[in-house]
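For reference, the chains in residue letters:
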Amino acid sequence: MANSKYAYVRNYELSDSLLPGCFLVCRLDGHSFHKFSEEHGFAKPNDKRALELMDRAAMDVMTEYKDIVLAFGESDEFSFLLRRSTDLYNRRQAKILTALTSYFTSCYVFHWSKYFPDTPMRYPPSFDGRIVLYPDERSVRDYFAWRQVDTHINNLYNTVFWALVQQGGKTTAEAHATLSGTASAAKHEMLFQQFNINYNDISARYKRGSVLVQVKKARTMVEVLHCDIIRDEFWKARSYVLA
Ligand code: ATP
Ligand code: ATP
Ligand code: MG
Ligand code: MG
Ligand code: MG
Ligand code: MG
Ligand code: MG
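- Within an unreviewed UniProt entry, the label attached to the protein reads tRNA(His) guanylyltransferase, and the organism entered is Pisolithus microcarpus 441.
- According to the UniProt record, the Function (unreviewed entry) comment for the protein is "Adds a GMP to the 5'-end of tRNA(His) after transcription and RNase P cleavage."
- Under the heading Sequence similarities (unreviewed entry), UniProt records this for the protein: "Belongs to the tRNA(His) guanylyltransferase family."

Spelled out as structure tokens, the structure:
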């Protein structure tokens, strides 16, 4: 096969190797999960089973690809951090991205019935993916802070939104209109005054997302946390993550 007269077509393949020495972040996101979540009866604002299934798929990815030292998940997305010196697939972008995306997707489908025993899958879900290079620790930290702040902002919005709809009897259009332009403090106030919900009491899983980290001593183990990754504490306790 290697030396047929057709083999020259190989030369049309372009190199896509990622810069050495940079951290790789691969983010996957569910395709049209607004629809997928509705079609499969996800609880709103947060379906715990769906989040646990995402965590499970991510954990399998980290078990399979040991160069992923950290992952962060929220909603229908997961970000994977590969150590900066990784040599996975000779750092070929397409190989890494397609392998991680397809493995994550098939684990999601593979484990579906354990998390949704009463809900048949009505059609196959898919995920898109991208890889972004970060040159230093600061930008990696800021990347993960960005995702966790996003989790918080979305969760606060969704919590009030669905309280207005489910308990306040508003239509989704009315709830959108009520919330448009409101500051965070006003949303906290609305939750407390109208629905007697103290935002601080809401599960850390929903407020902070899922942090999956390779346990240093046993490289095959992955820890699932719902902790702050914006401040220094998490990173200082795990200096190997950015090593
Ligand atoms: P795109 O294909 O552009 O990503 P999308 O419909 O997936 O479109 P996202 O911005 O990724 O849009 O948002 C994902 C949506 O999936 C959320 O807005 C929410 O409606 C739904 N969703 C995802 N996970 C959950 C969950 N655990 N519980 C409830 N709803 C969820
Ligand atoms: P890589 O991850 O590098 O692609 P690979 O093991 O998948 O490694 P390939 O060169 O892609 O290697 O070869 C696929 C192999 O899968 C074949 O060599 C064969 O052993 C097996 N295989 C694939 N399809 C079939 C099939 N229909 N029947 C029997 N064996 C198959
Ligand atoms: Mg092949
Ligand atoms: Mg998207
Ligand atoms: Mg999506
Ligand atoms: Mg999303
Ligand atoms: Mg093959």
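Remarks on the UniProt feature "domain: tRNAHis guanylyltransferase catalytic" (unreviewed entry) in the protein
Move 1: Here, UniProt's "domain: tRNAHis guanylyltransferase catalytic" (unreviewed entry) annotation points to residues 6-135.
Move 2: Here residues 6-135 runs as 36% helix and 22% strand, with 40 Å between its end C-alpha atoms.

A short note on the site of ligand 1
Move 1: Around ligand 1, the structure places 15 residues, and the nearest of them are Phe33, His34, Ser37, Asp47 and Ala50.
Move 2: Elements represented by at least two residues in the shell around ligand 1 include exactly β1 (23-30), α1 (33-39) and α2 (48-64).
Move 3: By residue number, the principal contributor to the shell around ligand 1 is α1, which donates three residues.
Move 4: Across the shell around ligand 1, the residue classes tally to four nonpolar, seven polar and four charged.

A look at the sheet that holds β1
Hydrogen bonds along the backbone pair up the strands of a sheet, which may run parallel or antiparallel.
Move 1: Here six strands make up an open sheet; going across it, the order is β4-β1-β3-β2-β5-β6 and the pairing antiparallel. Of all the strands in the sheet, just β4 (127-134) and β6 (222-225) have a single pairing partner and so form its edges. For this sheet, the mean angle separating the axes of adjacent strands, direction not counted, is 15°.
Move 2: Across the face of the sheet, helix α4 (residues 137-166) comes into contact with β1, β2 (68-74), β3 (77-82) and β4 while running at roughly 25° to β2.

Topic: the nonpolar core
Move 1: Ranked by internal contacts, the top residues of the largest apolar core, which has 38 residues, are Ala58, Val61, Ala71, Phe80, Leu81, Phe104 and Leu212.
Move 2: At the level of elements, β1, α2, β2, β3, α3 (93-115), α4 and β5 (210-214) are the ones that each hand at least two residues to this core.
Move 3: Counting residues per element, this core draws most heavily on α2, which supplies eight residues.
Move 4: Sequence-distant contacts of valine 61, defined by excluding residues within four places in its chain, comprise Ile68, Phe80, Leu100, Tyr103, Phe104 and Cys107.
Move 5: The next biggest cluster of nonpolar side chains, apart from the first, holds five residues, and it includes Leu156, Val160, Phe161 and Leu164.

Some points on the environment of glutamine 148
Move 1: Within the secondary structure, glutamine 148 sits in helix α4.
Move 2: Looking at glutamine 148, the number of C-beta atoms within 10 Å reads 20, which means it is buried.
Move 3: Residues within four places of glutamine 148 in sequence aside, it is in contact with Phe72, Arg208, Gly209, Ile229 and Ile230.

Examining the packing of α4 against helix α6 (residues 184-195)
Move 1: At a minimum axis separation of 10 Å, α4 and α6 run at an interaxial angle of 35°. In this structure, α4 crosses over α6, and the sense of that crossing is left-handed. Taken together, the residues of α6 that come into contact with α4 (itself represented by Leu156, Thr159, Val160 and Ala163) are Ser184, Lys187, Met190, Leu191 and Phe195.
Move 2: Here the contact of α4 with α6 is built from residues that sort into six nonpolar, two polar and one charged.

Let's talk about the pairing of β2
Move 1: Of all seven residues making up β2, seven are buried, and the element is well covered by its neighbours.
Move 2: Two successive antiparallel strands, β2 and β3, enclose a turn made up of two residues, where serine 75 displays a positive phi of approximately 50°.

Comments concerning the environment of valine 149
Move 1: Tracing the backbone shows valine 149 in helix α4.
Move 2: Residue valine 149 is classed as exposed on the basis of its 11 C-beta neighbours within 10 Å.

Remarks on α6
Move 1: With twelve residues, α6 should reach 16 Å at 1.5 Å per residue; the first-to-last C-alpha distance of 16 Å fits that figure.
Move 2: A positive phi of about 55° marks asparagine 196, the residue just after α6.

Section: unusual backbone geometry
Move 1: Put simply, lysine 44 and proline 45 share a cis peptide bond, and its omega is 5°.
Move 2: Backbone geometry at serine 75 places phi at a positive 50°, although glycine is not the residue there.
Move 3: Judged by local crowding, serine 75 falls into the buried class, with 21 C-beta atoms found within 10 Å.

Rules used in this analysis
Residues numbered from 1 in each chain as written. Chains lettered and ligands numbered in written order. Predicted model: local features only at pLDDT ≥ 70, side-chain atom pairs only at ≥ 80, totals over all residues. UniProt positions renumbered as here; feature names shortened; annotations may be inferred. Helix = DSSP H or I, 4+ residues; strand = E, 2+ residues; numbered from the N terminus. Near = placed C-beta within 6 Å. Nonpolar A, V, L, I, M, F, W, Y, C, P; charged D, E, K, R; others polar. Pairing = 2+ DSSP bridges. Axes fitted to C-alpha atoms, helices over the stretch in contact; angles between N-to-C directions. Contact = placed C-beta atoms within 7 Å. Core = buried A, V, L, I, M, F, W, Y, C linked by C-beta atoms within 7 Å. Buried ≥ 20, exposed ≤ 12 C-beta atoms within 10 Å, placed from the backbone. Left-handed = near helix turned anticlockwise from the far one by under 90°. Expected span 1.5 Å × (residues − 1).

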